[in-house]
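Here's the letter readout for the chains.
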Amino acid sequence: MTANEKKIGWGLAALLVTGNMIGSGVYLLPATLAPIGSSTLIGWIVATIGALLLAGVFAGLGRLRPRDDGPTEYTGQSLGRFFGYQTSLAYWAGNWVGNVAIALAATGYLAHFFPVLKDQWPGALCTIGLIWLTTFIYMAGPRAVARFGGLTLLIGLIPLAIAIIAGAMAFDAEVFTASWNPDGAPLSQSVPASMALIFWAFLGFESAGVIALRLRNPERDVGRATYAGVALSAVVYIAVTAAVFGVIPASALAESTSPFADLAVRVIGASAAGLVAVCAVAKTLGTLGGWMMLTGETARAGASQGFLPRVFGRGAITPPANPLVHAGLMTVIALLSAQPRLADQFGLLIGATTVLFLVVYSLCAVALMRFSRRPWDWISALGGLAFSIWAVAMSGWTLLGIAIGFFVLTTLIWFAFGIGRSRPVEASA
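Conventions used here
Residues numbered from 1 in each chain as written. Predicted model: local features only at pLDDT ≥ 70, side-chain atom pairs only at ≥ 80, totals over all residues. Heavy atoms only, no water. Helix = DSSP H or I, 4+ residues; strand = E, 2+ residues; numbered from the N terminus. Rg over C-alpha atoms; globule rule 2.2 N^0.38 Å. Buried < 20%, exposed > 50% of the residue type's maximum accessible area, 1.4 Å probe, protein only. Contact = heavy atoms within 4.5 Å. Areas by Shrake-Rupley, 256 points an atom, 1.4 Å probe, with all protein chains shown as cover. Phe/Tyr/Trp six-rings, centres within 6.5 Å; stacked < 30°, edge-to-face > 60°. Expected span 1.5 Å × (residues − 1). Axes fitted to C-alpha atoms, helices over the stretch in contact; angles between N-to-C directions. Left-handed = near helix turned anticlockwise from the far one by under 90°. Nonpolar A, V, L, I, M, F, W, Y, C, P; charged D, E, K, R; others polar. Salt bridge = Lys/Arg side-chain N within 4 Å of Asp/Glu carboxyl O. Core = buried A, V, L, I, M, F, W, Y, C linked by side-chain atoms within 4.5 Å. Polar contact = N/O pair within 3.5 Å; in protein donor to acceptor, adjacent residues only side chain to side chain. Patch = residues over 30% accessible without salt bridge, like charges linked within 9 Å, V, L, I, M, F, W, Y side chains within 5 Å.

A. View of the overall build of the protein chain. Broken down by element type, the protein chain carries 19 helices and zero strands. At 20 Å, the protein chain has a C-alpha radius of gyration in line with the 22 Å of a compact globule built from 429 residues. When the backbone C-alpha atoms are referred to their principal axes, the protein chain occupies close to 60 × 40 × 40 Å. When burial is assessed residue by residue, the protein chain has 60% of its 429 residues classed as buried. Pairs at least 24 apart in sequence give 82% of the contacts found in the protein chain among residues at least 6 apart. Surface summary for the protein chain: the accessible area is close to 15,800 Å², and the carbon and sulfur share equals 70%.

Set out below in structure tokens:
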């Protein structure tokens, strides 16, 4: 098999992008957003607009810089080595922290069958086991991950289809209206404050750009896969949000570890709930496999640039030590972040991840403005930049504090270890 035959086309790339997006965000997020209520529907629409603008950013960068190794090189080549370094570490850290949240969502649906997993430490151990399982899938190679993600995407659409159909059949306008704004806060406050949580479900639309070197025709395929992934995901998100909040009151939803299984119980029965839970677990594992690959590729690119230790890989080859080290890091995060209530742990992890990613997206938007003079590229870049800055600013002091602390730490490391003086390694090395 030649090197080009080992690469993937835009169809598989689109499945990988969509699979990376439609995962734990849609399966567990309704429980995390329950305190805000069904008014989050407005937030989903705003987030969709932001995601489409940012999709334009990565489509433009993929067209103009098809050989660049994802966000790290986009910003490094346009804004300088320091910003490439910050992008690399923020995206890298966001990946493996977010992976813990994805595994946590799978644990939540497994708790439908094994209630003991709702407890803090049994749930943490299950989450760690799922992390190591998908690590070994990633070590089998990129095609194995893409095919696994495509298969589980189809399986994962089953509970979403059941939720949409069941929600349409049993939709209660009074339940939806009563859940509109449970905490009584003005929408001008609650909707922006929820954006960091909502946008978690859109993370991954840049996947095609991150794996551009693995695509047969990156100039064309990055844009196609990116827009297709965002469009399909947005339709699904808005439909299932309306369905869930139209059947389950916000107060009950807040206590759930498996919202779609609970919806199926209310409308169809316990047997359907079991099917939904099985499919949700399969899909979250497929999503986790895709993000494992993105984490490894991000770390490999960072090591090639001299931003991360050599253990993550120098050049184009990702060594087995790369995913094994990441699995160890994620194990530590799963233990340190464990909380009695699964939704609280999930909310903290996805909020921190989303803020780090939004900073990366804003830097990539600036990079596109440096590379391109096309009007549509500038519209996408300016719109995506404004959205990212606004969403970060609205995320709240806790998440802002985590982000500020992270960038202060990485800046100190930059100067302490003289990373600015190190030289990147050629991809052929």
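B. Examining the packing of aromatic side chains more closely. Throughout the structure, instances matching the rule amount to 28 aromatic pairs. Aromatic pair Trp92 and Phe312: ring centres 5.8 Å apart, planes at 70°, arrangement edge-to-face. Taken together, the residues Trp92 in helix H5 (residues 81-110) and Phe312 in the loop between helix H15 (270-304) and helix H16 (321-336) connect sequence positions 220 residues apart. Overall, Trp92 belongs to the buried group, its relative accessible area being 12%.

C. How the structure looks around H15. Taking 1.5 Å of rise per residue, the 35 residues of H15 would be expected to cover 51 Å, and the 51 Å separating its terminal C-alpha atoms lies within 8% of that figure. Within H15, 31 of the 35 residues are buried, leaving the element largely enclosed by the surrounding structure. Gly306 lies just past H15 and shows a positive phi near 85°.

D. Structural detail: the packing of helix H6 (residues 120-139) against H15. Put simply, H6 and H15 touch, their axes get as near as 9 Å, and they point 65° apart. In terms of crossing hand, the pair formed by H6 and H15 is right-handed. Side by side, H6 and H15 meet where Leu130, Ile131, Leu133, Thr134, Thr135 and Tyr138 of the first sit next to Leu285, Leu288, Gly289, Met292, Met293, Gly296 and Glu297 of the second. Class assignment for the residues of the contact of H6 with H15 results in eight nonpolar, four polar and one charged.

E. Highlighting the pattern of salt bridges. Summed over all chains, the structure comprises three salt bridges. Residue Asp377 pairs with Arg63 through a salt bridge whose shortest N-O separation is 2.6 Å. Here Arg63 lies in helix H3 (residues 40-64) and Asp377 lies in helix H18 (residues 375-393), a separation of 314 residues in the sequence. Residue Asp344 is joined to Arg341 by a salt bridge in which the shortest nitrogen-to-oxygen separation is 2.6 Å. Overall, Asp344 belongs to the partly exposed group, its relative accessible area being 37%.

F. Just the nonpolar core, in detail. Within the largest apolar cluster, 131 residues are counted, with the highest numbers of intra-cluster contacts made by Phe199, Phe202, Phe260, Phe346 and Tyr361. When residues in this core are grouped by element, the largest group, 17 residues, is from H5. In this view, Phe202 contacts Met21, Trp44, Ala47, Thr48, Ala51, Ala234 and Tyr237; residues no more than four positions away in its chain are not counted.

G. Region of interest: the side chain of Thr284. Mapping Thr284 onto the fold places it in helix H15. Assessed through its relative accessible area of 1%, Thr284 is described here as buried. Polar contacts involving the side chain of Thr284 include one to the main-chain carbonyl oxygen of Val281, which spans 2.9 Å.

H. Molecular detail of a nonpolar patch on the surface. Residues Leu52, Tyr227, Trp376 and Ile379 make up a contiguous nonpolar surface patch of about 370 Å² in total accessible area. Counting through the fold element by element, Ile379 comes out in helix H18.

I. Molecular detail of the side chain of Thr353. For Thr353, the location among the structural elements is in helix H17 (residues 342-371). The buried category is assigned to Thr353, whose relative accessible area is 1%. Once residues lying within four places of it in the same chain are set aside, the contact partners of Thr353 are Gly94, Val97, Gly98, Trp200 and Leu203.

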